Each structure stands twice: as C-alpha cells, then as structure tokens.
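Descriptive structure summary
Single-letter residue listing:
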Amino acid sequence: MPSSTGLDPAPRSIDTSALRRRSLPLLGGGDAPRRAAAIPYRDVDVPGAQPRPAPRSVRISVTDRCDFACTYCRPSRHDGYTDGRLVTSAWRTMFEALRDAGVRRVRLTGGEPLLHPEIVSIVACLASLGFEDLALTTNASQLARLAGPLRDAGLHRLNVSIDTLDPQRFREVTRGGELARVLEGLGAAIAAGFSGIKLNTVVLRGVNDDEIERIALWAWGLRMIPRFLEVMPIAEGARLVGEHLVTAAEMRARLAEHLLPEEAVTDPGLGPARYVRARHDPSLRVGFITGTSDTFCESCDRLRVSSTGVLRPCLATDDGVDASREAKVGDHAAIRQRLDEAWRLKPDGTVWKGCTEETASSVSIRAIGG
C-alpha cells in the first residue's frame, strides 16, 4: 500500500542471499600517505599566471556530525568528531565577509546540516544577506520536521542523498539509516513547496547499480531530478573504486532507452553535473557526476568552509587557511584577507586532477562536506 507521502518505493522481491553478497565491507580506519610531489597552485607555481577571480560559489559545512555512516564516506560510526565549531554569531560574520568578497551562491552541507540545532536560523541569516542562490544538501533523516521551517526561512533549493530504494540495502549502505524517514522527509519537502529537488545517488557496482533505472523512473514520477555519481577515490571511496566503480558513461548507457540522444550539458554556475533530457518528457532530466573517469577541476569555482572556520580551496587536499579567530571577533577585513590567501592555494586545474590525486584518500569528506 502506498505511504501517506506518496513516496512508497514499492520494492520488488529481492533475493536476500544475493543482497548479502552485494554488501559493502565494514571499512576500517587508517590514513593514506600524502602525495610527495608539490601541489601545483594556480598563481604560485605557474610563472606569469593571473590569479583566479574571487570565488562566487561556497560550500559551507556547518557541522561535521552525521547520523549516517555511509560506507563510501566514513570508516565507521565511531570515527570521531572535531571540536571548535563556529557559533552562529561567528557564522554571520563569515557570511557577510563572503558576500562582500563577491560570493553569490551558497550551499550548506555537513556532516548532516539538519543536525545543527540552529540550522533554521542559519538559513534565515543567509537569506537576509541577499545571496542569489541558497541551497542545502541533506540525507533527509530530519527533513520531515524541518522542510517547512527551512522553506519559510528562505531556503531556495534542496539536494537529497539517497543511494537505494530497498530498505535493507539502505540500512547497510548507511549503517543503520531508515529509508522510511528519508521518504517521509521528501514528501514533506514537496508539500512545503520545494520544486526541482535533486536526488544524489552514489552508484556502486554490485551494491546498487541494478537500481539505476528504477531510481530514475521513480524520481521522474515525482518531478524530481535524479543524479548519479561515480564513487570517487576520496576518503573511504578510495577503498571502493577498484571493485565498485561504475562510470557515468556506463550509467548513461543503461538508461539509453529513456534518454534523448543529445549531448549532456551543465547548468552554468551550478556545479559539475551534466544533464540529459528524458525521452518521454523533455521537461525531465537526469544528471551524471564524474570525478573519477573525468575530472572537472579546470572549471571549479568553489571554496569550502569547514565547521571550524577553515577556508579550503579544494575537496581533494587538506590545505586551507584558518579564519576562525577573525570570524569570532567580527573582523570582516581580516576574513577577506584570509579568503584571498585560501584562494591562492586553489590547485591549477589544468594539471591537477582532483579526487584522483593521492592526497584525496586521506581527506575526511564528512568533515569537509562533499
């Protein structure tokens, strides 16, 4: 029977013995060695190169806490958390400085951002500052109670991570997450008026790759935008790529009968995903995000801010500039200076290959916010 949210995935019969064979290993900890060669910075190592324009897109990790422990992200549920998270008053200073520096697009991430006790106030603060695009990525476990308040606070867009429509698989991949809560959250988001919700699915061979078509058709039925991601060799993903990588080209081939035979295109300024329209209804689209088979560093205009106030120019390294003190004392000008310093550390995307670089395997994607 369909759920009250209308989001019942209607799971088919699945051989549970096969499911156990498809399960991901419970991955251990351990840090990979850092790359020995120097990172080629855009305006440091290249003689005569001009500095990049200031970033216009920022991803802000408001917390590194998460109630899931996805196998491609965290080694376990007990991998520890950082101390020193910025308080809301310091975040406001940070937001104002970013806006004054030319940032126009903000995405809130985590960990799981909806676990932050003041997330609605944070969204309201950002909305009041006039950013042209304000988005949030969530696992949706808390979305049922927060979708309405977030919409009222001024949030523009939502991305929801959902890797499978099978409840048992979902518990395994997330190490304990409940699919029903995520579906309830999606229903609440639709009811609150969010449109064009994007669903992010990390495709893993032998785990959920047999659900690509099912997830796409289900998402289209609810006017959502399914997006399929290659597992990248970053953090725990570095342990999975060899066995579990499904390339975006293969994903598209599996959906070929449902897609128009056209070139995949990006949404300018809105990230690296490339979209193709649905054959039966061209108003619907599916997105593909590479990062392993094809990197997109040359066009990257993102800066990242950790929950502790570190400005980080790249997901694939631990390099960054600490601006927490400046944020805590309300020094906008000093944050601008730190921003310039961090942006000078942006790797040269013509030679740097992002999450395929060896440094990526030792990064905590949960702490940075993927």
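The next subject is helix α3 (residues 119–128). Every buried residue of α3 is listed here: Ile 119, Ile 122, Val 123, Cys 125 and Leu 126. Each buried residue of α3 sits inside an arc of 160 degrees when the element is viewed along its axis, so together they form one side. On its buried face, α3 sits against α2 (88–100), β2 (105–109), β3 (133–138) and α4 (143–153). Positive backbone phi, at 85 degrees, marks Gly 130, one or two positions downstream of α3.

With the rule as written, the count across this model stands at three aromatic pairs. Centre to centre, the rings of Phe 68 and Phe 170 are 5.8 Å apart; their planes meet at 85 degrees, and the pair counts as edge-to-face. Residue Phe 68 is located in the loop between β1 (57–61) and α2, and its partner Phe 170 is located in helix α5 (residues 167–174); the two are separated by 102 residues in the primary sequence. Grouping residues by exposure puts Phe 68 and Phe 170 together as buried. When the ring of Trp 91 is compared with that of Phe 95, the centres are 5.6 Å apart and the planes differ by 15 degrees; the resulting orientation is stacked. Separated by four residues within a single helix, Trp 91 and Phe 95 lie in helix α2, roughly one turn from each other. Judged by relative accessible area, which is 0%, Trp 91 ranks as buried. According to the relative accessible area criterion, Phe 95 is buried, its value standing at 1%. One Lys or Arg, Arg 151, reaches over the ring of Phe 194 and ends 5.0 Å from the middle of that ring. The ring of Tyr 275 has Arg 285 sitting right over it, with the charged end atom 4.1 Å from the ring centre.

To continue, consider the pairing of strand β5 (residues 198–203). Within a regular beta strand, the side chains point alternately toward one face of the sheet and then the other, so they alternate between its two faces. Burial within β5 is extensive, with six of its six residues counted as buried. Taking every second residue as pointing to the same face, both faces of β5 are buried, with Lys 198, Asn 200 and Val 202 on one and Leu 199, Thr 201 and Val 203 on the other. Direction of pairing for strand β4 (residues 157–161) relative to β5: parallel, over a ladder of three bridges. By the bridge assignment, Val 160 is partnered in β5 with Leu 199. Across six bridges, β5 lies against strand β6 (residues 225–230) in parallel orientation. If you follow Leu 199 over to β6, its bridge partner there is Pro 226.

This part takes up the sheet that holds strand β8 (residues 274–277). If you trace the 12 strands from one edge of the open sheet to the other, you get β7-β8-β9-β6-β5-β4-β3-β2-β1-β10-β11-β12, paired in mixed fashion. Only two strands of the sheet have a single neighbouring strand rather than two, namely β7 (265–266) and β12 (321–322).

A few words now on the pattern of salt bridges. When the charged atoms of two side chains lie near each other, side chains of opposite charge can form a pair. Here the structure, examined in full by the defined rule, presents 18 salt bridges. Among the ionic pairs, Arg 99 bridges to Asp 100, the shortest N-O distance being 3.1 Å. Residue class for Asp 100 comes out partly exposed when judged on its relative accessible area of 43%. We note a salt bridge from Asp 301 to Arg 105, for which the minimum N-O separation is 2.6 Å.

In this section: the pairing of β2. Among the five residues in β2, five count as buried, and that is most of the element. Of the two faces of β2, the one lined by Arg 105, Arg 107 and Thr 109 and the one lined by Val 106 and Leu 108 are each fully buried. Inspection of the sheet shows β1 paired to β2 by five bridges, in the parallel sense. Along β2, the bridge assignment pairs Ile 60 with Leu 108. In this region the chain leaves β1, passes through α2 and returns to the parallel neighbour β2; the handedness of that crossover is right-handed. At this point the chain moves from β2, through α3, to the parallel β3, and the crossover so formed is right-handed.

Each value, and the rule that gives it
- Residues numbered from 1 in each chain as written.
- Predicted model: local features only at pLDDT ≥ 70, side-chain atom pairs only at ≥ 80, totals over all residues.
- Heavy atoms only, no water.
- Buried < 20%, exposed > 50% of the residue type's maximum accessible area, 1.4 Å probe, protein only.
- Helix = DSSP H or I, 4+ residues; strand = E, 2+ residues; numbered from the N terminus.
- Arc of directions from axis to C-beta.
- Contact = heavy atoms within 4.5 Å.
- Phe/Tyr/Trp six-rings, centres within 6.5 Å; stacked < 30°, edge-to-face > 60°.
- Lys NZ or Arg CZ within 6 Å of the ring centre and 35° of its normal.
- Pairing = 2+ DSSP bridges.
- Salt bridge = Lys/Arg side-chain N within 4 Å of Asp/Glu carboxyl O.
- Right-handed = clockwise from strand over helix to strand, strands pointing away.

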